[in-house]
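Examining the three-dimensional arrangement
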Amino acid sequence: MLQRYYSWQCLPSSAELLDADETPVDNELQNLVPNLLGAILAILWAQRGDWFFGVDMGVYYDPEKPAVVPDGFLSVGVERFVAENGRLSYVLWEEDNILPILALEVVSKTYRGEYGSKMKNYARLEILYYVVYNPSRPSRRRKHDALEVYKLVGGEYVRLPAEPVWLEEIGLGIGRSPGRYCGWQREWLYWFDASGNRIAAPEEQLEQERSARLEAEQRAERLAAMLRERDIDPEALL
């Protein structure tokens, strides 16, 4: 059982704890994949102030132990923004002991225990969902699928079937799909709605808006041309 801590216990603050361990990520996908999920939430949940999505940020759960650092994690029920400069780290005793509800690991070229030690650590911390995504799926790890989503049941992670995988407590699904992010066309992780529809990335949403505006302008031009052919002044109808 995870130890709970409280502010009156004179615990170290986020300003006193390390906010970087100087360990580089192996490749840019380890940042871009979770960044995309966070960017989609920033639009989808723009009116909500009760969530936080961290990328490559330390999660402190014990003042005497080093932080765990998921590639990405989602917490629900916390303040969206904290102070002017945001969070330095995610410190459990500064977050009303609200654990992340989801932890994400993106498998890199160098194996780092995504299917072993990290999974055990997140289970011990009682993080409800654990997501492992392998963008490259090298042959030596073929025993695992590209995307595996687990839910904590009785202290153990149980893999959830199907894809996209519906995350009931979050109210979203998660799954893979081809798409474009930062100008890069490839397979990405996306959020999905209850009907299984993929939620578009920010630049895709902008493109959809531009297409809708262009279509509206073209309809208006066609209507104006038709009225002129009939000797009707379009402005007279305004």
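Residues numbered from 1 in each chain as written. Predicted model: local features only at pLDDT ≥ 70, side-chain atom pairs only at ≥ 80, totals over all residues. Heavy atoms only, no water.

Points about the pairing of strand β5 (residues 102-106)
Burial within β5 is extensive, with five of its five residues counted as buried. The alternating pattern of β5 places Leu102, Leu104 and Val106 on one face and Ala103 and Glu105 on the opposite face, and all of these are buried. Pairing geometry for β5 and strand β6 (residues 129-133), over five bridges, is parallel. Of the residues in β6, the one forming a bridge with Leu102 is Tyr129. (Buried < 20%, exposed > 50% of the residue type's maximum accessible area, 1.4 Å probe, protein only. Helix = DSSP H or I, 4+ residues; strand = E, 2+ residues; numbered from the N terminus. Pairing = 2+ DSSP bridges.)

Brief notes about the sheet that holds strand β7 (residues 147-153)
Overall, mixed pairing links the six strands, which are arranged β1-β3-β5-β6-β7-β8 in an open sheet. The two strands at the open ends of the sheet, each matched to only one other strand, are β1 (51-55) and β8 (156-159). Strand-to-strand, the axes of this sheet are offset by a mean angle of 20 degrees, without reference to chain direction. Both β6 and β7 contribute to a ladder of five bridges, which runs antiparallel. (Axes fitted to C-alpha atoms, helices over the stretch in contact; angles between N-to-C directions.)

Some words on the nonpolar core
With 57 residues, the main nonpolar core has Leu74, Leu102 and Trp191 as its most contacted residues. Per-element accounting of this core gives the leading share, seven residues, to helix α1 (residues 29-44). Among all residues touching Leu102, those that are not within four sequence positions of it are Gly72, Phe73, Leu74, Ile127, Tyr129, Val131, Leu167, Ile170 and Trp191. (Core = buried A, V, L, I, M, F, W, Y, C linked by side-chain atoms within 4.5 Å. Contact = heavy atoms within 4.5 Å.)

Concerning the environment of Val153
Summarising the element assignment, Val153 is placed in strand β7. Judged by relative accessible area, which is 49%, Val153 ranks as partly exposed. Each C-alpha atom of the pair Val153 and Leu128 lies 8.3 Å from the other, and the pair is 25 residues apart in sequence.

Concerning the environment of Pro161
Structurally, the position occupied by Pro161 is in the loop between β8 and β9 (165-167). We classify Pro161 as exposed; its relative accessible area is 68%. Residues Pro161 and Val149, spaced twelve residues apart in sequence, show a C-alpha to C-alpha distance of 8.0 Å.

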